[in-house]
Amino acid sequence: RLRKPLRMAPLVRRCRKLWLVLALAGLTFTPPSFAQTANPVSLDPPAETAAVLSARSPRNADDLRLIQTQLQRVVKEVMPATVAVEIRGAAGSGVIVNREGLVLTAAHVVGRSGGRAWVELPDGRRLAGRSLGANQDVDAGMIKIDNPPKDLPFAPIDGGPELEPGEWVVTIGQ
């Protein structure tokens, strides 16, 4: 039995574990605000920003502004797919990773497979789903949304090159 309906704003204020990790450079995402589009949007940074991101550290305030601009681009595209999740009273955040309604979240939120789940989108819609299971070793779990809407925002997992130590990443969640 679930507690009262989950609301995104209070969860954000609780500042739970930040979840989705995205590289600031070299990732391609389908635009979450237009989930019905099949054409990916490149979040590759402009050449000047790419040079700053590949350096060991920013040299000055101008470099930091370039990084900030890239960060804002990434967050704007991915935030619509960042959701609140609740399973058996446990709450956390997740990211919708495909148009079929798969949600990546933390294993400690999902627990075991088959549990009733609720996913709340940033626009306030609450969607029912089921937990699919978890990998406790990497603290990753999956939820499947039942009957996902056609306009479901998502940010697919990129199969690009492996991240190297020292690369810039962004975490989004609560």
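Residues numbered from 1 in each chain as written. Predicted model: local features only at pLDDT ≥ 70, side-chain atom pairs only at ≥ 80, totals over all residues. Heavy atoms only, no water.

Some remarks on unusual backbone geometry
For Asp139, which is not glycine, the phi torsion reads 55 degrees and is therefore positive. With respect to the secondary-structure elements, Asp139 resides in the loop between strand E8 (126-135) and strand E9 (140-145). Here Asn147, not a glycine, exhibits a phi torsion of approximately 45 degrees, which is positive. Take Asn147: it is sitting in the loop between E9 and strand E10 (169-173). (Helix = DSSP H or I, 4+ residues; strand = E, 2+ residues; numbered from the N terminus.)

Some details on the pairing of strand E7 (residues 116-120)
Across four bridges, the pairing between strand E4 (residues 82-87) and E7 is antiparallel. Bridging from a neighbouring strand, Ile87 pairs with Ala117 of E7. Here E7 runs beside E8; their pairing, made up of five bridges, is antiparallel. In the sheet register, Trp118 faces E8, and the bridge partner there is Ala128. (Pairing = 2+ DSSP bridges.)

Focus: the confidence of the model for the protein
Segments scoring low in pLDDT should not have their predicted coordinates read at a detailed level. Overall, the predicted model of the protein reaches an average pLDDT of 78, with 74% of residues at or above 70. Note on residues 1-39: pLDDT is under 50 here. Beyond four places in sequence and across chains, it has 122 contacts. (pLDDT = per-residue confidence, 0-100. Contact = heavy atoms within 4.5 Å.)

What about the pairing of strand E6 (residues 102-105)?
Taken together, the three bridges between strand E5 (residues 90-96) and E6 define a ladder with antiparallel strand orientation. Opposite Ile96, over in E6, you have Val103 as the bridge partner. The hairpin turn running from E5 into E6, its antiparallel successor, is five residues long, and Gly101 in that turn takes a positive phi close to 95 degrees. Across four bridges, the pairing between E6 and E9 is antiparallel. Note on E9: the bridge partner recorded for Leu104 is Met142.

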